[in-house]
Amino acid sequence: NKEKLKEYFINELGWGWDYQGRILFDFLLKAAEQSKGGVVIDAGAGNQRYKPFFHQSIYLAQDTQIGKSCDKYDILCDVKSIPLKNSSIDLILSTSSLEHMQYPDLFLQESYRVLKPSGALYIH
């Protein structure tokens, strides 16, 4: 429910309800709606802060192997080489991670490869 997600977003994640907070909240709602019933990769998932938005999708948390516990993530890899079949993902979510990538262009190429033709890449 949207109100519970808003409460989580503000209280648990610490986002305010200013312009930037509302933009990100709407961005996440749109991504969740578009991926409903499909498969989502949260690229650079970190603490999987946005997982509750994707409760109607199959949510796969991806992160690099550097200093990460294997049991917290579904996929441990560098995002320039995602170990999935071509055209197998409905949506890729990437929040606050693109600026940390050494080769973001390779991530974009890999995203294109694993996304279905109707898939979407949501970058924040």
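See the structure printed just above.
Because the structure is predicted, anything quoted here is derived from the model rather than measured.

Draft legend 1. Region of interest: the overall build of the protein. When helices and strands are counted, the protein shows three helices and five strands. Of the regular secondary structure in the protein, the N- to C-terminal order runs α-α-β-β-β-β-α-β. In terms of overall size, the protein behaves like a compact globule, its C-alpha atoms giving a radius of gyration of 14 Å where 124 residues would be expected to give roughly 14 Å. When the backbone C-alpha atoms are referred to their principal axes, the protein occupies close to 35 × 35 × 25 Å. For the protein, with 124 residues in total, the buried portion stands at 41%. Per element, the accessible surface of the protein, about 7300 Å² overall, is 50% carbon and sulfur. The centroid of the 14 positive side-chain charges in the protein is displaced by 3 Å from the centroid of its 15 negative side-chain charges.

Draft legend 2. A look at the sheet that holds strand β5 (residues 115-123). An order of β3-β2-β1-β4-β5 is seen for the five strands of this open sheet, with the pairing classed as parallel. If you trace the sheet from one side to the other, it starts and ends with β3 (75-76) and β5, each paired once. Note that strand β1 (residues 39-43) and strand β2 (residues 58-63) share five bridges and pair parallel. Bridge pairing links Val40 to Tyr59 in β2. Along the sheet, helix α2 (residues 19-35) contacts β1, β4 (89-94) and β5; its crossing angle with β5, the most-contacted strand, is approximately 165°. Docked against the sheet, helix α3 (residues 104-114) engages β1, β4 and β5, running at close to 145° with respect to β5.

Draft legend 3. Up close: the pattern of salt bridges. Overall, the coordinates contain two salt bridges when judged by the stated rule. Here Glu110 ties to Arg113 by a salt bridge, and the two come within 2.7 Å at their closest N and O atoms. Of the two residues, Glu110 and Arg113 are both situated in helix α3; the distance of three residues between them amounts to about one turn of the helix.

Scoring rules and cut-offs
Residues numbered from 1 in each chain as written. Predicted model: local features only at pLDDT ≥ 70, side-chain atom pairs only at ≥ 80, totals over all residues. Heavy atoms only, no water. Helix = DSSP H or I, 4+ residues; strand = E, 2+ residues; numbered from the N terminus. Rg over C-alpha atoms; globule rule 2.2 N^0.38 Å. Buried < 20%, exposed > 50% of the residue type's maximum accessible area, 1.4 Å probe, protein only. Areas by Shrake-Rupley, 256 points an atom, 1.4 Å probe, with all protein chains shown as cover. Lys, Arg positive; Asp, Glu negative; His and termini not counted. Charge placed at Lys NZ, Arg CZ, Asp CG, Glu CD. Pairing = 2+ DSSP bridges. Contact = heavy atoms within 4.5 Å. Axes fitted to C-alpha atoms, helices over the stretch in contact; angles between N-to-C directions. Salt bridge = Lys/Arg side-chain N within 4 Å of Asp/Glu carboxyl O.

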